[in-house]
Number of protein chains: 2
Amino acid sequence: MVEAPGCCAPLVSEPLRDGEAAELAPLFKALGDPVRLRLLSLIASHAGGEACVCDLTGAFDLTAPTISHHLKVLRQAGLIDSERRGTWVYYWINPPALERLSAVLAPRAVPV
Amino acid sequence: MVEAPGCCAPLVSEPLRDGEAAELAPLFKALGDPVRLRLLSLIASHAGGEACVCDLTGAFDLTAPTISHHLKVLRQAGLIDSERRGTWVYYWINPPALERLSAVLAPRAVPV
DNA sequence: CTGCTACTTAGACACCTGTCGAATCAAGGA
DNA sequence: TCCTTGATTCGACAGGTGTCTAAGTAGCAG
């Protein structure tokens, strides 16, 4: 019945320890903005698993610096990663980070 | 292959629509604070499925009004609900809200 | 009614955040 | 070399957030 080592048990099964809460909160915080949520989704669902910034800016009524700011927040949270290749900068998601959040919110422990 | 009606497809499978992002972001935002994360977890994992405020305040080095404030944020986001019974106020989680967030972050569509 | 306990609301204040325009950096052609 | 395009950084500013103290509300017991 009990299985989790404490690091990945869902939030509902046992009280989150202080350190884990401090670790997870910034990730949720990064997701707490509709622009960032859509950015993450656009990147994640983009063909090839990665997207150029130029693929993203068009989807919003925001200036390039603002998009850049949101991408930085997502990257510093560890939800996405990026690399420059020639003229363009490409972004892709970090699946383990998303999976961890999903698991924490799951109603019961998910078998790994 | 495709199954989701658009309302619950995971973030990675197709771009989040504008409205859905606007709907989800406040929930993630509410989770974006370590105190609230621990509060939610304490409530969710408490025996009986609900917790009195008096069960919660002791776990933090914060004043009662601050705890009250965080509980209000969680409640307004729809993550928890509350009721006064006599002298005490009880809180419990709203499982569908958590499940929805978990599903959105899941690597692939979860069979309902 | 008076007082006591549990909790919430109100007001204040330092700090953080989302957005923009302007400037800057990086890479690739003329 | 200089110019153009793609993207980030900087500086500023309105508005939001977490925390506190003080004050208020709700129920219970004399």
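For the structure itself, consult the block above.
What this report covers is the structure whose coordinates are included nearby. (Residues numbered from 1 in each chain as written. Chains lettered and ligands numbered in written order. Predicted model: local features only at pLDDT ≥ 70, side-chain atom pairs only at ≥ 80, totals over all residues. Heavy atoms only, no water.)

**Description of the relation of the copies chain A and chain B**
The operation relating the two chain copies consists of a rotation about an axis and a shift along that axis. Using the following cut-off: We place the copies in one frame by least squares, fitting the C-alpha atoms of every residue whose pLDDT is at least 70 in both. In what follows, a contact means two residues having at least one pair of non-hydrogen atoms within 4.5 Å.
Superposing chain A onto chain B takes a rotation of 180° plus a shift of 0.0 Å along the axis, which leaves an RMSD of 0.0 Å. The transformation just described matches what one would write down for a two-fold rotation axis. Taking C-alpha positions as reference, the residue of chain A nearest the rotation axis is Ser102 of chain A, located at 2.2 Å. The share of interface residues of chain A whose copies in chain B are also at the interface is 100%, consistent with both copies meeting through the same surface.

**Regarding the packing of aromatic side chains**
Note the cut-off: Note on ring pairs: Phe, Tyr and Trp rings are taken, using the six-membered ring of Trp, and paired if centres are within 6.5 Å. Classes follow the plane angle, with under 30 degrees stacked, over 60 edge-to-face and the rest tilted. Starting at the N terminus, helices and strands are each numbered in turn, a helix being any DSSP run of H or I of at least four residues and a strand any DSSP run of E of at least two. Two limits define a charge over a ring: the Lys NZ or Arg CZ must be within 6 Å of the ring centre, and within 35 degrees of the ring normal.
According to the stated counting rule, one finds one aromatic pair over all chains in the structure shown. Residues Phe28 of chain A and Phe28 of chain B carry aromatic rings whose centres are separated by 6.2 Å and whose planes lie at 15° to one another, so their mutual orientation is stacked. Taken together, the residues span two chains, with Phe28 of chain A in helix H1 (residues 18–31) and Phe28 of chain B in helix H1 (residues 18–31). Sitting over the ring of Tyr90 of chain A, Arg85 of chain A keeps its end group 4.5 Å from the ring centre.

**Looking at the protein's contact with DNA strand D**
Rules: For this description, a residue counts as near a given molecule or strand if any of its non-hydrogen atoms is within 4 Å of it. Any pair of N or O atoms that falls within 3.5 Å is considered a polar contact. Within protein, one atom must be able to donate a hydrogen and the other to accept it, and sequence-neighbouring residues count only if both atoms are side-chain atoms. Think of it as three bins: nonpolar holds Ala, Val, Leu, Ile, Met, Phe, Trp, Tyr, Cys and Pro, charged holds Asp, Glu, Lys and Arg, and polar takes everything else, Gly as well.
The immediate surroundings of DNA strand D are formed by 24 residues, with Cys52, Ser68 and Tyr91 of chain A together with Thr66 and His70 of chain B found nearest. A distance of 2.8 Å separates a phosphate oxygen of DNA strand D from a polar side-chain atom of Ser68 of chain A. Tyr91 of chain A places a side-chain nitrogen or oxygen 2.6 Å from a phosphate oxygen of DNA strand D. Taken together, the residues that form the surface near DNA strand D break down as 10 nonpolar, eight polar and six charged.

**Structural notes on the interface of chain A and chain B**
What counts is decided by this rule: Each of two parts loses accessible area, computed with a 1.4 Å probe, when they are put together; buried area is these two losses added. Salt bridge, as used here: a side-chain nitrogen of Lys or Arg that lies within 4 Å of a carboxyl oxygen of Asp or Glu.
Between chain A and chain B, the residue contacts involve 32 residues of the former and 32 residues of the latter. Carbon and sulfur atoms make up 75% of the area that chain A and chain B hide from each other, which totals about 2600 Å². Summed over the three residues of chain A that lose the most area to chain B, namely Leu11, Leu37 and Leu105 of chain A, the buried surface amounts to 21% of that side. At the boundary of chain A and chain B, one finds two salt bridges. For Arg38 of chain A, the salt bridge identified is with Asp18 of chain B, shortest N-O distance 3.6 Å. At the junction of chain A and chain B, the tally comes to seven residue pairs in polar contact (both at pLDDT 80 or more). Contributions of two or more residues to the side of chain A that touches chain B are made by H1, helix H2 (34–45) and helix H5 (95–105) of chain A. Residues belonging to the side of chain A that touches chain B are distributed by class as follows: 21 nonpolar, five polar and six charged.

**Quick notes on the packing of H1 of chain A against H1 of chain B**
Rule in force here: Only the stretch in contact is used when a helix axis is fitted, and all axes are lines through C-alpha atoms; the angle between N-to-C directions ranges over 0 to 180 degrees. For classification, angles of less than 35 degrees are called roughly parallel, those exceeding 145 degrees roughly antiparallel, those between 65 and 115 degrees roughly perpendicular, and all remaining angles oblique. By convention the crossing between two helices is left-handed if the near helix lies anticlockwise of the far one by an angle smaller than a right angle, and right-handed if it lies clockwise.
For the pair H1 of chain A and H1 of chain B, the least separation of the axes is 7 Å and the interaxial angle reads 160°. It follows from the interaxial angle that H1 of chain A and H1 of chain B lie roughly antiparallel. In this structure, H1 of chain A meets H1 of chain B at a crossing whose hand is left-handed. Across the interface between the two elements, Ala25, Phe28, Lys29 and Leu31 of chain A of H1 of chain A pack against Ala25, Phe28, Lys29 and Leu31 of chain B of H1 of chain B. By residue class, the composition of the contact of H1 of chain A with H1 of chain B is six nonpolar, no polar and two charged.

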